[in-house]
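So you can see what is in the structure, the chains are spelled out below.
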4 protein chains.
Amino acid sequence: MLNRVVLVGRLTRDPELRYTPNGVAVANFTLAVNRPFSNQQGEREADFINCVIWRKQAENVANYLKKGSLAGVDGRIQTRSYDNNEGKRVFITEVMAESVQFLEPRGASSNSNQGQGNDYYGGGPGPSGNDFGRQQNNNQNRSSGGFNEDPFANDGKPIDISDDDLPF
Amino acid sequence: MLNRVVLVGRLTRDPELRYTPNGVAVANFTLAVNRPFSNQQGEREADFINCVIWRKQAENVANYLKKGSLAGVDGRIQTRSYDNNEGKRVFITEVMAESVQFLEPRGASSNSNQGQGNDYYGGGPGPSGNDFGRQQNNNQNRSSGGFNEDPFANDGKPIDISDDDLPF
Amino acid sequence: MLNRVVLVGRLTRDPELRYTPNGVAVANFTLAVNRPFSNQQGEREADFINCVIWRKQAENVANYLKKGSLAGVDGRIQTRSYDNNEGKRVFITEVMAESVQFLEPRGASSNSNQGQGNDYYGGGPGPSGNDFGRQQNNNQNRSSGGFNEDPFANDGKPIDISDDDLPF
Amino acid sequence: MLNRVVLVGRLTRDPELRYTPNGVAVANFTLAVNRPFSNQQGEREADFINCVIWRKQAENVANYLKKGSLAGVDGRIQTRSYDNNEGKRVFITEVMAESVQFLEPRGASSNSNQGQGNDYYGGGPGPSGNDFGRQQNNNQNRSSGGFNEDPFANDGKPIDISDDDLPF
DNA sequence: TTTT
DNA sequence: TTTT
């Protein structure tokens, strides 16, 4: 059935790349998408939309996007649920990205402390043939929080990701 | 910023219509949207996507759609959060419908126990000028759950809806 | 780059199925999509949007949709041009459908003179495993117009379709 | 009925701003949207999609976008037809933009010969309150072609635009 | 805790 | 618990 989402926004933090036991890459990131209208206090708000992307594009996202990057997403809304550590069912609504477009011009927002430039590919959803040989989690400093409110925090539940989550 | 969602699916239950203290109508409903692919067990799954709609269209939705109705939604993803009764912050991702299209043909799925036929208006997002004089919650029998997991359950928190939630 | 179209409308005539020299199926159809607003004369107008779909789904469309069928389309806008018989370049804008959803309930609008019922598959973009063994053009009576206004009329230009038109 | 288009692409030339007899602004522009796949010759192609936008946003587009600017569009497909100077009916398919997002960072692609910087407003579809006092056609050098292939060329048919074209 |  |  029809289920289509298109977003343009900025990453609220570096993407988080992980691998399933079978070696399939998956990246999570959150887009801040500014609303086109102001609230009753006259302020512009944003929506913070969790996104997931799989396989090669997950690695591209991890390599080329970082906190603050402007990106476009074309995908579907997916919902899932899991039981949290208090035995309570938690429902998740997120965007399964089918393609991601890097909208940051060459060298933009590269005032990063990571020395890892992210390039701009107007012509497509990412680089082709550029494999940097580093697809590990570039976000390893997000771990070990004592609480578990963010379903995207993978800290306490590595078991939560499995090849069964692959939606195709 | 670009934020667009289009869905076609079936209501998982009757829509829930409420009013803000200022008398603004708002309806919540959940669309079951079947996935176009099968999972590893060969089963077709669905995504259950919470939707909100405001004002006149909320009343149309409450009057013309019910559990099982096929409907199309054009809108935006919105996120919000609230503190639940355990003082924990809960994050909600839902679709703010800007228009809803009734896709059920005349008399279809009218095997309802409510004797309230829902019509089909291919020409637009709903009836114009048909006011049945009954926009009250047609779902009043959903109440009194002891728990509070579903943010769409309005039972214990009428205060949760205010005119401040109006996004425009 | 982002290019996404979602439509719901009714076929203005039976779909037109053809095959490339290499045997790849392609179907053309036009969706009438009613506008959600009225014009200055208070009339509701419609947009007539040409769509193309390839391969197996082209055959499904030809088998299950006909004039008047309600359908949803998810796809991309594509543009192309060709030189007409007067040596003038003609520009075409059409929707490359990536998936089509049949929104007609079982037996609906089957008041057809073709005795070819079209079914309703809420669960997906088409039938799986139902091959009627007849994918030929079910529209052969559209031919031989002396004029050429409709770019979808293939009458005088069988050469216009080749495997090169396959966009992937 | 559902009719939704989302595009990200680059303007193929400066936008063309005009006014109806009643003083309503309307701008036309064409987006080049690169395809995410290559053709049989291994080349990346683009789709050239004609867009229209009305009123205040038309003036914003004319003031802030120019040839080469990266922009996002959210809108609907509209079709119309007119009789050309040879008495032949011409069918037009274009995108009625409901909002346009400027995706060019500050000062980007300002290697223009017009000395007219275009700014970047991540926060919305355009500037509010910045009126440059010049909304006239900034494209007056496009006229007087002897042929009429581009339906957007307004050269010979100023009558073609009227307030009746306003779709709302 | 879900639709057909 | 957020982007510019």
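Since this is a predicted model, take the numbers as computed values, not measurements. (Residues numbered from 1 in each chain as written. Chains lettered and ligands numbered in written order. Predicted model: local features only at pLDDT ≥ 70, side-chain atom pairs only at ≥ 80, totals over all residues. Heavy atoms only, no water.)

Peer 1: Got a sec to walk through the overall build of chain A? Specific residues and values, please.
Peer 2: The helix and strand inventory of chain A stands at one helix and six strands. Listing each helix as α and each strand as β along chain A from the N terminus yields β-β-β-β-α-β-β. In chain A, the share of contacts with a sequence separation of at least 24, taken over all contacts with a separation of at least 6, comes to 63%. As presented, chain A carries roughly 7,200 Å² of accessible surface, and 48% of it is formed by carbon and sulfur atoms. (Helix = DSSP H or I, 4+ residues; strand = E, 2+ residues; numbered from the N terminus. Contact = heavy atoms within 4.5 Å. Areas by Shrake-Rupley, 256 points an atom, 1.4 Å probe, with all protein chains shown as cover.)

Peer 1: Summarise unusual backbone geometry; cite the residues concerned and give the values.
Peer 2: At Arg-55 of chain A, a position not held by glycine, the phi torsion is positive, near 60 degrees. Mapping Arg-55 of chain A onto the fold places it in helix α1 (residues 55-64).

Peer 1: Explain the interface of chain D and chain C to me, and be specific about the residues and the numbers.
Peer 2: With 38 residues of chain D in contact, the opposing surface of chain C contributes 38 residues. Buried area between chain D and chain C, summed over both chains or domains, comes out near 3,400 Å², and the portion from carbon and sulfur atoms is 49%. For the pair chain D and chain C, the number of links is two salt bridges. Between Lys-88 of chain C and Glu-86 of chain D there is a salt bridge, with its nearest N and O atoms 3.3 Å apart. When residues of the side of chain D that touches chain C are traced back to their parent elements, those giving at least two are β1 (3-11), β3 (25-38), β4 (44-54), β5 (70-83) and β6 (89-102) of chain D. Among the elements that make up the side of chain D that touches chain C, the one with the highest residue count is β1 of chain D (eight residues). Residue classes in the side of chain D that touches chain C are distributed as 19 nonpolar, eight polar and 11 charged. Sheet analysis places strand β1 (residues 3-11) of chain C next to β1 of chain D, joined by five bridges and oriented antiparallel. Paired with Arg-4 of chain C across the bridge in β1 of chain D is Val-6 of chain D. (Buried area = accessible area lost by both parts, 1.4 Å probe. Salt bridge = Lys/Arg side-chain N within 4 Å of Asp/Glu carboxyl O. Nonpolar A, V, L, I, M, F, W, Y, C, P; charged D, E, K, R; others polar. Pairing = 2+ DSSP bridges.)

Peer 1: Give me the lowdown on the pairing of strand β4 (residues 44-54) of chain A, citing residues and values where you can.
Peer 2: All names here are of chain A. Within β4, eight of the 11 residues are buried, which leaves the element mostly enclosed by the surrounding structure. As judged from the 10 bridges shared by strand β3 (residues 25-38) and β4, these two strands associate in the antiparallel manner. The partner of Thr-30 across the bridge, within β4, is Asn-50. Remark: five residues form the turn of the hairpin made by β3 and β4, two consecutive strands paired antiparallel; Gly-42 in that turn has positive phi of roughly 75 degrees. Direction of pairing for β4 relative to strand β6 (residues 89-102): parallel, over a ladder of two bridges. Looking at the pairing, Cys-51 lines up with Val-95 of β6. (Buried < 20%, exposed > 50% of the residue type's maximum accessible area, 1.4 Å probe, protein only.)

Peer 1: Before we move on, could you go through the relation of the copies chain D and chain C and cite the residues and values that matter?
Peer 2: Laying chain D over chain C is done by rotating through 180 degrees and shifting 0.0 Å along the axis; what remains is an RMSD of 0.0 Å. What the superposition gives is, in effect, a two-fold axis relating one chain to the other. The C-alpha atom lying nearest the rotation axis in chain D is that of Val-5 of chain D; the distance is 2.2 Å. Comparing interface residues between copies, 100% of those in chain D also lie at the interface in chain C; the contact surface is shared. (Least-squares fit on C-alpha atoms with pLDDT ≥ 70 in both.)

Peer 1: For the packing of aromatic side chains, give the residues involved together with the corresponding values.
Peer 2: Remark: the centre distance and the inter-plane angle together describe each pair of aromatic rings, the angle taken between the planes. Residue and element names in this part refer to chain A. Throughout the structure, instances matching the rule amount to four aromatic pairs over all chains. Judged by centre distance (5.9 Å) and plane angle (35 degrees), the rings of Tyr-64 and Phe-102 are tilted. Here Phe-102 lies in strand β6 and Tyr-64 lies in helix α1, a separation of 38 residues in the sequence. (Phe/Tyr/Trp six-rings, centres within 6.5 Å; stacked < 30°, edge-to-face > 60°.)

Peer 1: Requested: an account of helix α1 (residues 55-64) of chain B, with residues and values cited.
Peer 2: All names here are of chain B. Counted residue by residue, α1 has seven buried out of 10 residues, so it is predominantly covered. The complete set of buried residues in α1 reads Ala-58, Glu-59, Asn-60, Val-61, Ala-62, Asn-63 and Tyr-64. Residues of α1 that are buried make contact with β2 (16-19), β3 (25-38), β4 (44-54) and β6 (89-102).

Peer 1: Got a sec to walk through the pattern of salt bridges? Specific residues and values, please.
Peer 2: Taken as a whole and assessed by the stated rule, the structure comprises 40 salt bridges over all chains. The partner of Asp-74 of chain D in a salt bridge is Arg-4 of chain D, and the shortest N-O contact between them spans 2.9 Å. Highlighted residues: Asp-74 of chain D in strand β5 and Arg-4 of chain D in strand β1, separated in sequence by 70 residues. For Arg-4 of chain D, a relative accessible area of 6% corresponds to the buried category. Residues joined by salt bridges that share partners form a network here, namely Arg-4, Asp-74 and Glu-98 of chain A together with Arg-4, Asp-74 and Glu-98 of chain C.

Peer 1: Go over the pairing of strand β3 (residues 25-38) of chain C, please, and point to the residues and values.
Peer 2: Residue and element names in this part refer to chain C. Most of β3 sits inside the fold, with 10 of its 14 residues counted as buried. Pairing geometry for β1 and β3, over two bridges, is antiparallel. Following the sheet pairing, Leu-11 is matched in β3 by Leu-31. Between the end of strand β2 (residues 16-19) and the start of β3, which pair antiparallel, lie five residues, with Gly-23 showing a positive phi angle near 90 degrees.

Peer 1: Give a description of the environment of Asn-22 of chain D that names residues and reports values.
Peer 2: Residues and elements named next belong to chain D. Locating Asn-22 in the fold gives a position in the loop between β2 (16-19) and β3. When its relative accessible area of 60% is taken as the criterion, Asn-22 is described as exposed. Put simply, Asn-22 and Gln-101 are 79 residues apart on the chain and 27 Å apart in space, counted from C-alpha to C-alpha.

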